[in-house]
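Structural overview for review
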Amino acid sequence: MYSNERRSGFSIADLLVKIIFAALFIFILIWLFEKKVPNMTPFYSNVFRENIKYMQEAGESYFTDDKMPKNIGESTKISLGEMFDKKLLLPFVDENGHSCNQYDSYVSVTKTDAGYELKTNLVCNNESNFTIKILGCHTYCKDNSCNKTCRIEKLTEYQFKKTIKSTKTVYNCNNLPGSKRNGAYCYLSKLVDSKPSKITNSTTKTISEPAVRVVVSGTKQLLETIKTKNNDSTQRIYDDKVYITTGGGTTTERQCHNVEKEEAFSCPKTKTETITEKCTKYKTEKKCTTKTSKQPYSCAPCTTYRDSNGKSHTTCATCYKNVKTETCNNVQVPYESTCTRQQTVTYTGTCYRTVTKQECENVTVTKPTTGYWTCPSTSTGQSGSGENLKCWHTVIVSGGYSYSCPSKSNYSEGSGANLKCYYVTNASYKEECRDKTYTYNKSDSMCYKQIKVTSTSEGCDKGYKLEGNKCNKYTTKKVKANSKKVSSTSYKYMWSKEESVSGWTKTGKTRTVDGKEICE
């Protein structure tokens, strides 16, 4: 019995032995891993060498005699991608499993004095290298021609000519004076009708403009309108040119010249302003109420007694105490503050545009027989000469004033010098059309009006031809043109290495041309 209990017990010595064996096993594994893992660099280099070898073999099979460069110093090549496309190679990868560069990798052949040089260039990831192989004449040179001296054969060509006789038909319209020929016929047109080409058309067009907002009720406070001085501008006034002469008569003529002026007109402008006004805001506060009530409780004196069954009982007097109960709720408490709101104000402002107007006056003009045109002394500029001479002088034109409302204004009436600006409180508004001939549309706050538009266009009816600003109609007479046969002689030329060609005659001219390559 003692022996069985001993075997099943825990032994510290056994545990220590197991730990030592486990540590020793791990140490041996680590030592074997560090010493026995093979160096993979030779394997990776071998992959690169095998790939470049495959490319070189494929390049040698591809460069047949017809693909070899002809002249010394010339090269021809095929890229790795083209090799894959032509199935000369199966796609391969580098040691990391990445595809090699299909464009920078190539096989090329260069013709040299010694024969042919085959270069194989491979670029894979970060590795790049190439090999050179001298092919020599024993593979690519016919009849040992790489060791021979070659020259280009010079040949003589002779010029020949042949007489070409031809006959053609010539037409004329002498039988119909004033006509024009087209092919074998003559055509004479005669004007039979003419009318203006301008056609006037009338159409209906819808025009629109934004509706304006007007105050229906509320308290209006008149504000001071802002008056701004505009910048002055220069205005060009064209002068009459003067004809200088030594003789001739005078006459009174009405002459006109163009004047450039600034013209003011009303234009709508939209402006967004921040208007400050008092409003009521609310804040959240905690409001509490307290309630007092009486609550009973047992208190001395207490009496203890036993009943007939011997059971003990205790009775005590009743006392009362005041208990306060507090109830709290969140309530909205109003207070006065200042808040802002965005208000879009539409008002009519003043815009300016430059217009050219014509001013005319009666002047005395000299009608001489000889002379020249010049500008008057008051002119400050000119262009052109002779009848095309233009003269002008410039003057300073006051820019006038522009009117606008202050930022506090939320309503305006009128425009320009008649602009009035208001600040309106407790206002109610309505929209209406500025021009009462327009119709107001509530859905888009726009005003619409139908107007008639007249346009003038140029066009001609069928059978008429537009010429200038006229539509002309013609009748055409058609007759057969006069004709006659005309014979002519010409020559055709050619070059040949033969000294005689049947049907051709030598001209006596020769030339030297390159023939085939001769190697000796």
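Below: a short report on this structure. (Residues numbered from 1 in each chain as written. Predicted model: local features only at pLDDT ≥ 70, side-chain atom pairs only at ≥ 80, totals over all residues. Heavy atoms only, no water.)

**A look at a nonpolar patch on the surface**
Together, I12, L15, L16 and I19 make up a nonpolar patch on the protein surface, roughly 390 Å² of accessible area in all. One can find I19 in helix α2 (residues 12–36). (Patch = residues over 30% accessible without salt bridge, like charges linked within 9 Å, V, L, I, M, F, W, Y side chains within 5 Å. Areas by Shrake-Rupley, 256 points an atom, 1.4 Å probe, with all protein chains shown as cover. Salt bridge = Lys/Arg side-chain N within 4 Å of Asp/Glu carboxyl O. Helix = DSSP H or I, 4+ residues; strand = E, 2+ residues; numbered from the N terminus.)

**Things to note about the pattern of salt bridges**
All chains considered together, the criterion is met by 12 salt bridges. In this structure, E209 engages R434 in a salt bridge whose closest nitrogen and oxygen atoms are separated by 4.0 Å. Of the two residues, E209 is situated in strand β8 (residues 198–210) and R434 in the loop between β20 (420–432) and β21 (439–441); the sequence distance between them amounts to 225 residues. Here E432 and K430 are joined by a salt bridge, their closest N and O atoms 3.7 Å apart. Residue class for K430 comes out partly exposed when judged on its relative accessible area of 43%. Among the ionic contacts, a cluster of salt bridges with common partners joins E157, K497 and R511. (Buried < 20%, exposed > 50% of the residue type's maximum accessible area, 1.4 Å probe, protein only.)

**Comments concerning the pairing of strand β11 (residues 233–239)**
In β11, alternate side chains face the same way, and those of S233, Q235, I237 and D239 are buried while those of T234, R236 and Y238 on the opposite face are not. Two strands pair when backbone bridges link them, and β11 and strand β17 (residues 390–397) are joined in this way by 7 bridges, in the antiparallel orientation. Each bridged residue has a counterpart across the sheet, and for T234 the counterpart in β17 is I396. (Pairing = 2+ DSSP bridges.)

**Observations concerning the sheet that holds strand β7 (residues 185–196)**
Strand order across the open sheet formed by 4 strands is β6-β7-β24-β23, with antiparallel pairing between neighbours. Each end of this open sheet is capped by a strand with a single partner; those strands are β6 (180–182) and β23 (465–467). Looking at each pair of strands side by side, their axes are set apart by 45° on average, direction ignored. Bridge count between β23 and strand β24 (residues 470–480): 3 bridges; the pairing is antiparallel. Counterpart to L466 in the pairing with β24 is C471. (Axes fitted to C-alpha atoms, helices over the stretch in contact; angles between N-to-C directions.)

**Notes on the nonpolar core**
M55, F63, L80, L89, F92, V107 and L122 are the most contacted members of the largest nonpolar core, which totals 21 residues. When contributions to this core are tallied by element, the ones reaching two or more residues are α3 (41–62), α4 (80–85), β2 (106–112) and β3 (115–124). Among the elements that make up this core, the one with the highest residue count is α3 (5 residues). Apart from the residues within four sequence positions on either side, L89 is in contact with Y54, M55, A58, L80, M83 and F84. (Core = buried A, V, L, I, M, F, W, Y, C linked by side-chain atoms within 4.5 Å. Contact = heavy atoms within 4.5 Å.)

**Here's the deal with the state of the cysteines**
Evaluation of the coordinates by the stated rule reveals 7 disulfides. Residue pairing for C405: its cysteine sulfur links by disulfide to C421, the two sulfurs lying 2.0 Å apart. Judged by the torsion about the S-S bond (-85°), the C405/C421 disulfide is left-handed. With C405 in the loop between β18 (401–404) and β19 (411–413) and C421 in strand β20, the pair connects residues that are 16 residues apart, well separated along the chain. Like C405, the residue C421 is buried in the burial classification. (Disulfide = S-S within 2.5 Å.)

**A few points about the sheet that holds β19**
Reading across from one edge, β9-β20-β19 is the order of the 3 strands in this open sheet, with antiparallel pairing throughout. With one partner strand each, in any of the chains shown, β9 (212–223) and β19 form the two edges of the open sheet. Looking at each pair of strands side by side, their axes are set apart by 50° on average, direction ignored. Judged from the 10 bridges that link them, β9 and β20 form a sheet pairing that is antiparallel. Paired with L223 across the bridge in β20 is C421.

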